[in-house]
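Letter by letter, the chains look like this.
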Amino acid sequence: MAVDVSANVSIGAFASQPDSLNFLSPLGFRLTINRIPNVIYYCQAVTLPEMSIDELETQTPFVSLKNPGSKLRFGPVIIRFRVNENMRNYIEIYNWLHALGRPDSFQQTLDWATSQDSPKTSKTDEIINQLSDGTLSVLTSANNPSIRIKFLDMFPTSLTALDFDATLTDVEYLEASVQFAYRKYEIEVL
């Protein structure tokens, strides 16, 4: 008597096949952060940050047992952009950092926050809105958004230096990187 194993194979081995065989391209993304439209227009790269959780150890007489903790940690969002000729995009980040750091007076932050068009964050009830939400859209091979990653309550924490160099023999356009902290990020499959 012959046993039909094809039914068992199709149920077990092929039941969990992926629905898309295309790989994710690093070229397919679109970033939006309302507070810095000039930076986003010249965006060259975005780093989707790492995420980790605390680890708790329980001591036993024989071995230390590891258990998941209760606090998530999110790494920084890093954006690399080309600096445009009038440095408008670099100055957007410079002004934001300057206002957050208040090197001259508390009034700087108030003046900067009130000069912005509208609330840019999920915390709409704040009097001085220093944060901005951002969205990274991941595109399919057909350039359609398939995943939306929303960063909540972002603010810049560092801006790289610009190296002007008259000894270069070829024009290498200046690029800068800005690092952002944020409260959390959420991933939505569209």
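Predicted, not measured: the structure shown is a model, and the values here were computed from it.

Peer 1: Even after reading the chapter, I still don't get a nonpolar patch on the surface, so can you show me in this structure?
Peer 2: A surface patch of nonpolar side chains, amounting to about 290 Å² of accessible area, comprises Met51, Ile53 and Leu72. The topology assignment puts Ile53 in strand S3 (residues 51–59).

Peer 1: Would you explain a negative patch on the surface in this entry?
Peer 2: On the surface, Asp163, Asp165, Asp170 and Glu172 cluster together to form a negatively charged patch. Here Asp163 shows up in the loop between strand S7 (145–159) and strand S8 (175–181). Assessed through its relative accessible area of 63%, Asp163 is described here as exposed.

Peer 1: When you look at the side chain of Asp133 in this model, what are you seeing that I'm missing?
Peer 2: Within the secondary structure, Asp133 sits in strand S6 (residues 132–139). For the buried Asp133, no salt bridge exists, and the shortest N-O distance to an oppositely charged side chain is 4.3 Å, to Lys150. Polar side-chain contacts of Asp133 include one of 2.8 Å to the backbone nitrogen of Asp153.

Peer 1: Honestly, the nonpolar core in this entry has me stumped. Any pointers?
Peer 2: Within soluble globular proteins, side chains that are nonpolar generally end up buried alongside one another. Core analysis: the biggest nonpolar cluster contains 26 residues, and Leu31, Ile33, Ile36, Val77, Ile79, Phe151 and Phe180 have the highest contact counts within it. Of all the secondary structure elements, the ones that give two or more residues to this core are strand S1 (29–33), helix H2 (37–41), strand S2 (43–47), strand S5 (77–82), helix H3 (88–101), S6, S7 and S8. Of all the elements, H3 adds the most residues to this core, at four residues. With residues near it in sequence (within four places) discarded, Val77 still touches Val46, Thr47, Pro49, Phe151, Met154, Val178, Gln179, Phe180 and Tyr182.

Peer 1: It is not clear to me how the confidence of the model for the protein chain should be interpreted in this structure. Could you clarify?
Peer 2: Low-pLDDT stretches of the model should not have their predicted coordinates read in fine detail. For the protein chain, the average pLDDT comes to 83, and 83% of its residues sit at 70 or higher. Helix H1 (residues 6–12) is the least confidently modelled element of the protein chain, averaging 54 in pLDDT, while S8 averages 96, the highest of any element.

Peer 1: Mind showing me how you'd approach the packing of aromatic side chains here?
Peer 2: Each aromatic ring pair is described using two quantities: the centre-to-centre distance and the angle formed by the ring planes. Within the structure shown, the criterion is met by seven aromatic pairs. Geometrically, the ring pair formed by Tyr41 and Tyr42 is edge-to-face, given 5.0 Å between the ring centres and 80° between the ring planes. With a relative accessible area of 67%, Tyr41 lands in the exposed category. Under the relative-accessibility criterion, Tyr42 is labelled partly exposed at 28%. Measuring from ring centre to ring centre gives 5.4 Å for Phe151 and Tyr182, while their planes differ by 75°; the resulting arrangement is edge-to-face. Residue Phe151 is found in strand S7, and its partner Tyr182 is found in the loop between S8 and strand S9 (184–189); the two are separated by 31 residues along the sequence. Judged by relative accessible area, which is 1%, Phe151 ranks as buried. For Tyr182, a relative accessible area of 12% gives the class buried. Among the aromatic side chains, those forming a connected cluster through ring pairs are Phe74, Phe151, Tyr182 and Tyr185. Positioned over the ring face of Trp96 is Arg35, at 5.9 Å from the centre of the ring.

What counts and how
Residues numbered from 1 in each chain as written. Predicted model: local features only at pLDDT ≥ 70, side-chain atom pairs only at ≥ 80, totals over all residues. Heavy atoms only, no water. Patch = residues over 30% accessible without salt bridge, like charges linked within 9 Å, V, L, I, M, F, W, Y side chains within 5 Å. Areas by Shrake-Rupley, 256 points an atom, 1.4 Å probe, with all protein chains shown as cover. Salt bridge = Lys/Arg side-chain N within 4 Å of Asp/Glu carboxyl O. Helix = DSSP H or I, 4+ residues; strand = E, 2+ residues; numbered from the N terminus. Lys, Arg positive; Asp, Glu negative; His and termini not counted. Charge placed at Lys NZ, Arg CZ, Asp CG, Glu CD. Buried < 20%, exposed > 50% of the residue type's maximum accessible area, 1.4 Å probe, protein only. Polar contact = N/O pair within 3.5 Å; in protein donor to acceptor, adjacent residues only side chain to side chain. Core = buried A, V, L, I, M, F, W, Y, C linked by side-chain atoms within 4.5 Å. Contact = heavy atoms within 4.5 Å. pLDDT = per-residue confidence, 0-100. Phe/Tyr/Trp six-rings, centres within 6.5 Å; stacked < 30°, edge-to-face > 60°. Lys NZ or Arg CZ within 6 Å of the ring centre and 35° of its normal.

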